[in-house]
Amino acid sequence: MRIALVSEHASPLAGIGEVDAGGQNVHVAALASGLALRGHQVVVYTRRDAAELPDRVVLDSGVQVEHVPAGPPHRLPKDELAPHMPAFADHLARRWRLARPDLVHAHFWMSGQAALAAAGGQPRRIPVLQTFHALGSVKRRWQADADTSPPHRLATERRIARTADRIIATCADEVRELRLMGADPGQVDVIPCGVDAERFRPEPGSEIGQRLLSIGRLVPRKGVADTIQALAWLPTAQLVIAGGPVRTGLAGDPEYRRLQALADELGVADRVEFVGQVPHEQLPALIRSAAVVVCAPWYEPFGIVPVEAMACGVPVVASAVGGMLDTVVDGRTGLLVPPQQPQRLAAALGELLADRELRRRYGRAARRRALHNYTWPAVAEATERSYQAVTGRGAAAQIPIGVVHE
């Protein structure tokens, strides 16, 4: 099949941990490569955010990345991209009139908006599948007045949910939200994000003392402040925080300064290390150095870091929200705690830090679960079946993400 992946702000070429760069970038890059390995022709359309970028880049897998001219050719926060989506859609429409894809898979709500507009304007409509990665209704619920999304986001997402040919949700919790938005449950497949289980793998003896590790963008909703507060109840633990700008640029980041001030106030600054943005290829070694990986967001559409930690055989303590309700099996592969409760988080972390054998047992179960449910070849195969259902070439099938294999 000729497959168009649309990912307006999340380029598969971006550095992970940069502003607005994270799990979606990994997802789009790995899915595109996985589909190409299955024999499909894949083009990823993403916004040109630097003037020096070439029109097209061909990856080793054969995937083409096309930089779409829409808005100024420099980086913009994703919440400022909405006015440029008509230009993005116009470019897609022109490209698809010249080379019509068999289907379009849009990633994030603005990509869906542009993809539906471009596909609907073709002489013969192109099927559109949608993966939201994050829903505005959930963001608004948790962030309230701090939500910087464009005012029309919720209405646009509802329209996409009702008009896309199929929706691929990344977790069961998302399906409930989609139903409230008017999506037909019969047109929703649940396919999680994946992990490169060869790169993210265990290496015995890598753990460094009582090290806790937090990985993610430096934004308040990621709950890093709660993890720093939890450290006050864990006197022997050290916390490494990866994400945000490169290390030399951290001082200019407002969230870094807020978190550093909190660590100073709590008297734990000598046990907190900010390492800044870490290249994705260096993450496995960093994860393996941790006794426990901490993922404490207020909400999380999926959360790729827990799956990467599980593949490395490292137990996870995570907020009981979103996709982590599927990936982390409480008391088997890690522990789940309520979000925004630092003392409960500290108790869970303390339980694991005090029992090395328990960490090992959880880590072994986590690795098995990652191999069974979350490899990229399995995700690409399941996604292909969703594509076949839309194009009339087969029936969709979902990955049974709730199954635990010991």
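Everything here concerns the structure above.
Residues numbered from 1 in each chain as written. Predicted model: local features only at pLDDT ≥ 70, side-chain atom pairs only at ≥ 80, totals over all residues. Heavy atoms only, no water.

Looking now at the pattern of salt bridges. Under the counting rule described, the total for this entry stands at 22 salt bridges. A salt bridge links Arg2 to Asp102; the shortest N-O distance between them is 3.4 Å. Of this pair, Arg2 sits in strand S1 (residues 2–6) while Asp102 is found in the loop between helix H2 (85–98) and strand S5 (103–107), placing the two residues 100 residues apart along the sequence. Judged by relative accessible area, which is 16%, Asp102 ranks as buried. Close ionic contact of Glu203 with Arg201 constitutes a salt bridge, the shortest N to O distance being 3.3 Å. (Salt bridge = Lys/Arg side-chain N within 4 Å of Asp/Glu carboxyl O. Helix = DSSP H or I, 4+ residues; strand = E, 2+ residues; numbered from the N terminus. Buried < 20%, exposed > 50% of the residue type's maximum accessible area, 1.4 Å probe, protein only.)

Note on strand geometry: in a regular strand, side chains alternate between the two faces of the sheet. Of all 5 residues that make up strand S9 (residues 211–215), 5 are buried, and the element is covered over most of its length. A two-sided burial pattern is seen for S9, the buried positions comprising Arg211, Leu213 and Ile215 on one face and Leu212 and Ser214 on the other. With 5 bridges joining them, S9 and strand S10 (residues 238–242) adopt parallel strand pairing. Each residue of the ladder has a partner; that of Leu213, found in S10, is Val240. Read from S9 through helix H7 (residues 224–231) to S10, the crossover connection turns out right-handed. Both S9 and strand S12 (residues 292–295) contribute to a ladder of 2 bridges, which runs parallel. Bridge pairing in S12 places Leu213 opposite Val293. (Pairing = 2+ DSSP bridges. Right-handed = clockwise from strand over helix to strand, strands pointing away.)

Within the secondary structure, Asp79 sits in the loop between strand S4 (64–68) and H2. The exposure class of Asp79 is buried, given its relative accessible area of 18%. Sequence-wise, Asp79 and Arg344 are 265 residues apart; in three dimensions their C-alpha atoms are separated by 33 Å. Once you skip the residues sitting within four places of it in the chain, Asp79 turns out to touch Lys139, Thr148, Ser149 and Pro150. Looking at Asp79, its side chain comes within polar contact range of the side chain of Thr148, at 2.4 Å. (Contact = heavy atoms within 4.5 Å. Polar contact = N/O pair within 3.5 Å; in protein donor to acceptor, adjacent residues only side chain to side chain.)

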